[in-house]
Amino acid sequence: MRTRPAARALQYVAVVCYLIFLGFPLLWLISSSLKSPREFASITPSLLPKNADFSNYTDALSEQGLVRGLGNSLQISILTTILVLIVALPVSYALARFRSRLRPVTNGWILVSQVFPVILIVIPLFMILRPLHLTNTIPGVVIVYMVWSLPFALWMLQGYVAAVPRELEEAASVDGASRVRTIVSIVMPLLRPGLIATAMFTFISAWNEFFFALVLLQDPQLKTLPLVLARFVGAEGQVQFGPLAAASVLATVPSLVFFAFLQRRLTSGLLSGAVKG
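Residues numbered from 1 in each chain as written. Predicted model: local features only at pLDDT ≥ 70, side-chain atom pairs only at ≥ 80, totals over all residues. Heavy atoms only, no water.

Engineer: Could you give an account of the packing of aromatic side chains, naming the residues involved and the relevant values?
Structural biologist: Two measures describe an aromatic ring pair: the distance that separates the ring centres and the angle between the ring planes. As enumerated under the stated definition, the model contains five aromatic pairs in all. Relative to Trp28, the ring of Phe24 lies with its centre 6.1 Å away and its plane at 40°, an arrangement referred to as tilted. One end of the pair, Phe24, and the other, Trp28, are both in helix α1 (residues 3-33), four residues apart, so they sit about a helical turn from each other. Both rings, one in Phe203 and one in Trp207, keep their centres 5.8 Å apart while their planes meet at 15°; by these two values the pair is stacked. (Phe/Tyr/Trp six-rings, centres within 6.5 Å; stacked < 30°, edge-to-face > 60°. Helix = DSSP H or I, 4+ residues; strand = E, 2+ residues; numbered from the N terminus.)

The following block contains the structure:
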């Protein structure tokens, strides 16, 4: 009994240290976005800016097309997330519930796709999309992101579906519910945490992706946010640290809003739908 308060205190200390470890880069980024060029050239860097300089945000918003890139990334990320969830839900249910010869092949494809180098498939992918007129288009990028995120989404949702008790589905079938009604009314409410976790992963993966967008998009009007941020590095390697930090801070806002919107639903109970009639 005497060791419990000490153990609890150590747990709190560990949590605080972990939060500081995670939050320090963001704090440093926000601080850098408010520093003047003179402070960046200083030999002794400081955590907090001496004089807050908001001109970095003005330069980032006015000179580099940041708002347009943010809109393109937001559109692509949302469409990719919706399509991945629509495709992954029935496929993951089939993989978890039905046994067939294709199941080991599909699971093997999921595992192999996660370790396959991106650089090896980008040229064949470009050659496939070009005759279909999907290069340099937002739909083409959405399709590529969806295919790239789908294997991991299937892997995640398959585990959540397997955790749903089969007895609930059997009870629903005894009551006369069809397979579709069982999935919609019983399985989907229980999969809400898994769907939200999958949506978070898919959104942040599409939001941060750089290489596919660099190869597929040539029109400056279609550039995504990571491509816009790359413009802050000059041809000779000179970096505009202030505007780049300000643009990076603005780039984190949509993802933070997305996570804040979904995190309340992420903690819902696994059996939240079991009591529904």
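More follows now that the structure is in view.
Engineer: Go over the environment of Pro117 with me, naming the residues and quoting the values.
Structural biologist: Positionally, Pro117 belongs in the loop between α5 (102-115) and α6 (122-129). With relative accessibility at 37%, the residue Pro117 sits in the partly exposed group. Sequence separation of Pro117 and Ile128 is 11 residues, and the distance between their C-alpha atoms is 18 Å. (Buried < 20%, exposed > 50% of the residue type's maximum accessible area, 1.4 Å probe, protein only.)

Engineer: I'd love a proper account of the packing of helix α4 (residues 66-97) against helix α10 (residues 192-208), names of residues and values included.
Structural biologist: The N-to-C vectors of α4 and α10 enclose an angle of 140°; their axes lie 8 Å apart at closest approach. Considering how the two elements wind past one another, α4 and α10 form a crossing that is right-handed. Of the residues in α10, those touching α4 at Leu70, Ser73, Leu74, Ser77, Ile78, Thr80, Thr81, Val84, Leu85 and Leu89 are Leu195, Thr198, Ala199, Thr202, Phe203, Ala206 and Trp207. Split into classes, the residues belonging to the contact of α4 with α10 amount to 11 nonpolar, six polar and no charged. (Axes fitted to C-alpha atoms, helices over the stretch in contact; angles between N-to-C directions. Left-handed = near helix turned anticlockwise from the far one by under 90°. Contact = heavy atoms within 4.5 Å. Nonpolar A, V, L, I, M, F, W, Y, C, P; charged D, E, K, R; others polar.)

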